[in-house]
Amino acid sequence: MRYIDSHCHLDLFDNMNKFLDDTKNYKNSIITMTTTPRAYQKNRELCSRYSHVFVALGLHPQLIAEREKELDILFKYIEEAKFIGEIGIDQGPRYYKTIDAQIRIFNDIIDKCDWYGNKIISIHSLRSADIILEILRSNVRNKSNKFIMHWFTGDIKTLQDAIKLGCFFSINSQMINSDRGKKIVSILPKEKILVESDAPFVIKFESGKEHNQYMNETVRLINEIRKEDISQQISLNGIELLSQ
C-alpha cells in the first residue's frame, strides 16, 4: 500500500541521495520540510530527480532568532510553493523569548498562503495550538488550503477545535508511545489521519526498506490503538492531499 510521509527533514540526512535512490523501489511518497528559507532552492535542486518527493518552503519557529532576516526569501517563493513547512509557533521555554516575532511571522505567512491558496501547510504547535487555531480562525478565508498539525500534543478541547477547522493530523511513532498521543489517535476522524516520520529526529533511516517498514508499522500501531483497520483510509488521505 502507498503511504505519504507527510513530515520529514531529508536535508538533515547524512545519506540523502542514497536513501532517496533506494526509496524509489517502494510506493511511498515524502513531503520534506525546510527549516530555513535559504535552504529551499537547494533542496528543490537536490530532490528534483525524485518524482515521489515534494519539497516544502519553511521557516522553523525555533530558528526565528537567527533566521528572521530570511523571511523575504520565503515570500519570494511562497506563490510558487505548493507545500509550506515547517512553520508555526513554539512556546517551549528555550524559545519563548521570540514568541512575539513567532506569532507575527506565522500570521504573515498564513496571510500570504490565504492570498495565494492551494497550499498544503505543515504546522509546528508545541504548547501553542490554541494560538495557532485562533490565527487560523481569524485569518483564513481561502478554503483551498490544507493544514496539517504536525505531532499535535494539545489538550482534547483544542484537538476538537482543530478538527472543527478541518485540520489534518500527522502521526509519528514517538507520538503514539504516550498516553496523550494514543488518546488523540483514538478520537481523530479517520479521514484526517496522516503518517509522518519526522526523520531524522524521531528515527533515522539507512534505506528505503527501513522507511517502508516504519510507515507500515506506524499504520499498524494506529490500527491497534483504534481497534479498527484504517490502513486504506490513511493511504487515501495522503494520496488525495497530494492530488489537490
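Residues numbered from 1 in each chain as written. Predicted model: local features only at pLDDT ≥ 70, side-chain atom pairs only at ≥ 80, totals over all residues. Heavy atoms only, no water.

### Quick notes on the overall build of the protein chain
The number of helices and strands found in the protein chain is ten helices and eight strands. Taking 244 residues into account, the globule formula puts the C-alpha radius of gyration at 18 Å, and the protein chain, at 17 Å, falls close to it. Dimensions along the principal axes, computed over C-alpha positions, put the protein chain at roughly 40 × 40 × 35 Å. Residues counted as buried form 55% of the 244 residues belonging to the protein chain. (Helix = DSSP H or I, 4+ residues; strand = E, 2+ residues; numbered from the N terminus. Rg over C-alpha atoms; globule rule 2.2 N^0.38 Å. Buried < 20%, exposed > 50% of the residue type's maximum accessible area, 1.4 Å probe, protein only.)

### A closer look at the packing of aromatic side chains
The full count for this structure, using the stated rule, is six aromatic pairs. The interplanar angle of 90° and the centroid separation of 5.7 Å between the aromatic rings of phenylalanine 152 and phenylalanine 169 together place this pair among those described as edge-to-face. In this pair, phenylalanine 152 is assigned in the loop between β6 (146-150) and α7 (156-164) and phenylalanine 169 in strand β7 (residues 168-171), connecting sequence segments 17 residues apart. The pair phenylalanine 152 / phenylalanine 169 is uniform in exposure class, with both members buried. Cluster of aromatic residues (ring-pair linked, three or more members): Phe13, Phe19, Phe205 and Tyr214. Just above the ring of phenylalanine 75 sits the side chain of lysine 112; from NZ or CZ to the centre is 5.3 Å. The residue whose ring lies beneath lysine 192 is phenylalanine 168, and the NZ or CZ to ring-centre distance is 4.3 Å. (Phe/Tyr/Trp six-rings, centres within 6.5 Å; stacked < 30°, edge-to-face > 60°. Lys NZ or Arg CZ within 6 Å of the ring centre and 35° of its normal.)

### With respect to the nonpolar core
Buried together is how nonpolar side chains tend to be arranged in soluble globular proteins. If you look at the biggest cluster of nonpolar residues, it comprises 64 residues, and the most contacted ones within it are Leu10 and Leu136. The biggest single contributor to this core is helix α5 (residues 99-116), with seven residues. When residues no more than four places from it in sequence are discounted, the contact partners of leucine 10 are Met16, Phe19, Leu20, Ile30, Thr32, Cys47 and Val53. Listed in part, the eleven residues of the second largest apolar core include Ala56, Phe83, Ile120 and Leu194. (Core = buried A, V, L, I, M, F, W, Y, C linked by side-chain atoms within 4.5 Å. Contact = heavy atoms within 4.5 Å.)

### Regarding the layout of surface pockets
Of the pockets and cavities examined, the largest pocket occupies roughly 420 Å³. Forming the boundary of the largest pocket are 21 residues, of which His60, Gln62, Glu86, His124 and His150 lie nearest the centre. Split by residue class, the lining of the largest pocket holds seven nonpolar, ten polar and four charged. Empty space within the second largest pocket amounts to approximately 230 Å³. If you trace the second largest pocket, you find 13 residues lining it, with Val140, Lys143, Asn145, Phe147 and Leu165 closest to the centre. When residues of the lining of the second largest pocket are traced back to their parent elements, those giving at least two are α6 (129-139) and β6. (1 Å grid on protein atoms, 1.4 Å probe; cavity = no way out; pocket = protein on both sides within 12 Å on 5 of 7 lines; lining within 4 Å. Points joined across faces, edges and corners; volume = space filled by probe spheres on them. Nonpolar A, V, L, I, M, F, W, Y, C, P; charged D, E, K, R; others polar.)

### What to know about the pattern of salt bridges
With the rule as written, the count across this model stands at ten salt bridges. Close ionic contact of arginine 49 with aspartate 21 constitutes a salt bridge, the shortest N to O distance being 3.3 Å. You can see arginine 49 sitting in the loop between α2 (40-47) and β3 (53-55) and its partner aspartate 21 sitting in helix α1 (residues 16-23), a full 28 residues away along the chain. Here arginine 137 makes a salt bridge to glutamate 134, at a shortest N to O gap of 3.3 Å. Of this pair, arginine 137 and glutamate 134 both sit in helix α6, separated by three residues, roughly a single helical turn. With a relative accessible area of 41%, glutamate 134 lands in the partly exposed category. The network of salt bridges with shared partners includes Arg38, Arg67 and Glu70. (Salt bridge = Lys/Arg side-chain N within 4 Å of Asp/Glu carboxyl O.)

### Considerations on the pairing of strand β4 (residues 83-88)
The element β4 is largely enclosed, with a buried count of six among its six residues. Bridge count between β4 and strand β5 (residues 120-124): four bridges; the pairing is parallel. The residue bridging phenylalanine 83 from the neighbouring strand is isoleucine 120, located in β5. The parallel pair β4 and β5, bridged by α5, forms a crossover whose chirality is right-handed. (Pairing = 2+ DSSP bridges. Right-handed = clockwise from strand over helix to strand, strands pointing away.)

### Some remarks on empty space enclosed by the protein
Think of a ball as big as a water molecule: rolled over the atoms, this probe shows where empty space is left. Inspection of the entire model under this criterion finds one cavity of 30 Å³ or more. Leu59, Pro61, Ile64, Ile87, Gly88, Gln102, Ile105, Phe106 and Ile109 are the residues that line the largest cavity. The set of elements that each furnish at least two residues to the lining of the largest cavity consists of β4 and α5. Tallying contributions element by element places α5 first for the lining of the largest cavity, with four residues.

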